[in-house]
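# Summary of the model geometry
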Amino acid sequence: MKEFTFSKRNAFLILLIIFLTGAGIILIQQFSHQPSGEVATPSPEEAEITNAAIVGTRAFFQISVNEGKDAWLNRFCAASTESGCAFLRMGADRLWQKYQEAKAEVQAEVSALECVSSTAKEQVWRVAIRLSEPLPGSNKAEDEAYVLVLKTEDGWKFDRFLLEPEVQVLKERVGKEGQQ
């Protein structure tokens with residue numbers, strides 16, 4: 001029978017290979033671990049609030065000159081607060097004229113990205129907007145917006161889009177809160 005002899009150097013190399021192989025397997029398992037796919041189910045009120053932000057934003061950007069201005073306003077006002085509806089009605093004629101001139105037929109996909117600010121009666125949501133075509137006077141088919149959602153007697157409703165100065169103040173406030 002043949003005898004196998006190992007030098008200390010060969011024994012060290014074999015142990016090193018075994019160790020590195022084991023460490024590699026552990027690292028591969030660690031980095032390739034798939035998430036369980038479980039997503040926390042939002043409460044009914046959270047779902048209502050998110051839906052209000054999405055539906056109101058979509059109603060504003062979903063434009064069909066074939067359906068007409070009244071259909072657009074009615075769809076938006078059904079998803080919006082009274083003040084939000086009144087605000088849009090004030091500028092609707094001017095907006096609708098641009099939409100008619102461009103023969104706008106715009107479909108909108110909206111998704112809620114995050115709740116940026118929250119109280120018992122109002123929330124501000126950052127939403128992503130994807131349009132089938134840019135609105136007249138714009139070249140953007142994708143954008144983000146900050147929207148205000150208010151709690152009304154009829155539940156949560158879209159109120160309005162935040163203006164850029166309001167967004168900047170909100171970002172600064174959230175940044176300061178995050179540093180504390």
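Throughout what follows, the structure given in this document is the object of discussion. (Residues numbered from 1 in each chain as written. Predicted model: local features only at pLDDT ≥ 70, side-chain atom pairs only at ≥ 80, totals over all residues. Heavy atoms only, no water.)

## Regarding the state of the cysteines
- Applying the stated rule across the entire model yields one disulfide.
- A sulfur-sulfur separation of 1.8 Å characterises the disulfide bridge that pairs Cys77 with Cys85. Taking the torsion about the sulfur-sulfur bond, which here is approximately 80°, the covalent link between Cys77 and Cys85 counts as right-handed. An identical accessibility class is assigned to Cys77 and Cys85; each is buried. (Disulfide = S-S within 2.5 Å. Buried < 20%, exposed > 50% of the residue type's maximum accessible area, 1.4 Å probe, protein only.)

## Observations concerning the side chain of Lys157
- By the secondary structure assignment, Lys157 is in strand S6 (residues 155-161).
- The charged side chain of Lys157 is buried without a salt bridge, its nearest counter-charge being Asp154 at 5.2 Å.
- Within polar-contact distance, the side chain of Lys157 engages the backbone oxygen of Ala78 at 2.9 Å.
- Here Lys157 is in contact with Ala52, Ala78, Ala79, Ser80, Thr81, Leu148, Val149, Leu150 and Thr152, once residues within four sequence places are set aside. (Helix = DSSP H or I, 4+ residues; strand = E, 2+ residues; numbered from the N terminus. Lys, Arg positive; Asp, Glu negative; His and termini not counted. Salt bridge = Lys/Arg side-chain N within 4 Å of Asp/Glu carboxyl O. Polar contact = N/O pair within 3.5 Å; in protein donor to acceptor, adjacent residues only side chain to side chain. Contact = heavy atoms within 4.5 Å.)

## Points about the packing of aromatic side chains
- Under the definition given, this model contains 10 aromatic pairs.
- When the ring of Phe61 is compared with that of Phe161, the centres are 5.7 Å apart and the planes differ by 70°; the resulting orientation is edge-to-face. Here Phe61 is found in helix H2 (residues 44-61), whereas its partner Phe161 is found in strand S6, with 100 residues between them in sequence.
- Ring geometry for Phe158 against Phe161: centres 5.2 Å apart, planes inclined by 70°, an arrangement best described as edge-to-face.
- For Phe158, a relative accessible area of 0% corresponds to the buried category.
- Here Phe161 falls in the partly exposed class, since its relative accessible area comes to 23%.
- Through pairs of rings, three or more aromatic residues link up here, namely Phe60, Phe61, Trp72, Phe76, Trp96, Tyr99, Phe158 and Phe161. (Phe/Tyr/Trp six-rings, centres within 6.5 Å; stacked < 30°, edge-to-face > 60°.)

## Considerations on the sheet that holds strand S3 (residues 108-118)
- Strand order across the open sheet formed by four strands is S3-S4-S5-S6, with antiparallel pairing between neighbours. Only two strands of the sheet have a single neighbouring strand rather than two, namely S3 and S6. For this sheet the average axis-to-axis angle between neighbouring strands, irrespective of direction, equals 35°.
- In the sheet, S3 pairs with strand S4 (residues 122-131) via nine bridges, with the strands oriented antiparallel. In the strand pairing of S4, Ser111 is matched with Ala128.
- Along the sheet face, H2 touches S3, S4, strand S5 (142-152) and S6 and points at about 40° away from the line of S6. (Pairing = 2+ DSSP bridges. Axes fitted to C-alpha atoms, helices over the stretch in contact; angles between N-to-C directions.)

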